[in-house]
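# Fold and geometry: a report
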Amino acid sequence: MSDIGDWFRSIPFITRSWFAASIAVPLVGKLGLINFRNFLLFPELFFNRFQLWRPVTATLFFPITPGTGFLYLVNLYFLYHYSTRLETGAFDGRPADYIFMLLFNWICIVITGLLMNMRLLMIPLIMSVLYVWAQFNKDMIVSFWFGTFVDELTGNLVGHLYFFLMFKYPMDLGGRSFLSTPEFLYRFFPNRRGGISGFGVPPSRRPAAQEPAAGGGGGGGRHNWGQGFRLGGE
């Protein structure tokens, strides 16, 4: 148990909090402590009855059944794997910037979910994080099957929107900056000394990452999205 505790405490704070909540909320639903339908996103209940917690719980909840248990574990693995690498890599020492990325992606996913009657939002948010990681590590090939086409597409599009507005358009294309981390986040989550100085530098001008991707080797300068997954390769 001490080894598990040490491993859990070694996870960076933001990823650890997200990871823990993504275990706790599904467990509450599985045990029947709260009816799992109270965790799902229903637009009519959100707008008409002001059940404002639903976008949050729909992001953290995943139904655990004999048919979905393996996919749930895969979700947790990718959440841990890629969120940890972003938080300790491109966003190292800059927790406010990482929280802003998650908030921006989450808000976009919630809006999409409300418009498209999506009940669960866990996979799209994880996919958006994976997409941003992939943009910082374009020499890696990521090959996996993750969920439904809508989940993958929503996550990829939201991740692309964040990356384009934050990095590609203002830095590579010379456009105006549309996104910036609010100052109040820096007050609550100040930058730490030792954070990488390359944050905000276009990824095309950064040194290539050396660590291997989960489920595939490096090289090739491309990504295979949605074609099965392989765990391991750490």
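Residues numbered from 1 in each chain as written. Predicted model: local features only at pLDDT ≥ 70, side-chain atom pairs only at ≥ 80, totals over all residues. Heavy atoms only, no water.

### Some details on the pattern of salt bridges
Within this structure, the stated rule accounts for four salt bridges. For R9, the salt bridge goes to D6, with nearest N and O atoms at 2.7 Å. On the criterion of helical spacing, the pair formed by R9 and D6 is a turn pair, its members being three residues apart in helix α1 (residues 2-10). The shortest N-O distance in the salt bridge between D92 and R192 comes to 4.0 Å. Taken together, the residues span a long stretch of sequence, with D92 in the loop between α5 (69-88) and α6 (95-116) and R192 in the segment after α9 (183-188) at a distance of 100 residues. By relative accessible area, D92 is classed as partly exposed at 23%. (Salt bridge = Lys/Arg side-chain N within 4 Å of Asp/Glu carboxyl O. Helix = DSSP H or I, 4+ residues; strand = E, 2+ residues; numbered from the N terminus. Buried < 20%, exposed > 50% of the residue type's maximum accessible area, 1.4 Å probe, protein only.)

### Observations concerning α6
Compared with the 32 Å implied by 1.5 Å per residue over 22 residues, the 31 Å span of α6 between its first and last C-alpha is a close match. Residue N117 follows α6 closely and has a positive phi angle near 55°. (Expected span 1.5 Å × (residues − 1).)

### Some thoughts on the nonpolar core
When a protein is soluble and globular, its nonpolar side chains tend to lie buried together. W18, L86, F91, Y98, M101, F136 and Y162 are the most contacted members of the largest nonpolar core, which totals 59 residues. If you list the elements that add at least two residues to this core, you get α2 (13-31), α3 (43-48), α4 (54-60), α5, α6, α7 (122-136) and α8 (149-172). (Core = buried A, V, L, I, M, F, W, Y, C linked by side-chain atoms within 4.5 Å.)

### Focus on the layout of surface pockets
Roughly 370 Å³ of volume is contained in the largest pocket. Along the walls of the largest pocket sit 14 residues, with W18, L60, L102, L103 and L125 positioned nearest its centre. At five residues, the largest contribution of residues to the lining of the largest pocket is made by α2. For the lining of the largest pocket, the class distribution of residues is twelve nonpolar, two polar and no charged. (1 Å grid on protein atoms, 1.4 Å probe; cavity = no way out; pocket = protein on both sides within 12 Å on 5 of 7 lines; lining within 4 Å. Points joined across faces, edges and corners; volume = space filled by probe spheres on them. Nonpolar A, V, L, I, M, F, W, Y, C, P; charged D, E, K, R; others polar.)

### Quick notes on unusual backbone geometry
At F50, a position not held by glycine, the phi torsion is positive, near 55°. Residues other than glycine seldom take positive phi values, yet N117 does so here, at roughly 55°. Mapped onto the elements of the fold, N117 is located in the loop between α6 and α7. In this structure N117 comes out as partly exposed when scored by relative accessible area, which is 46%.

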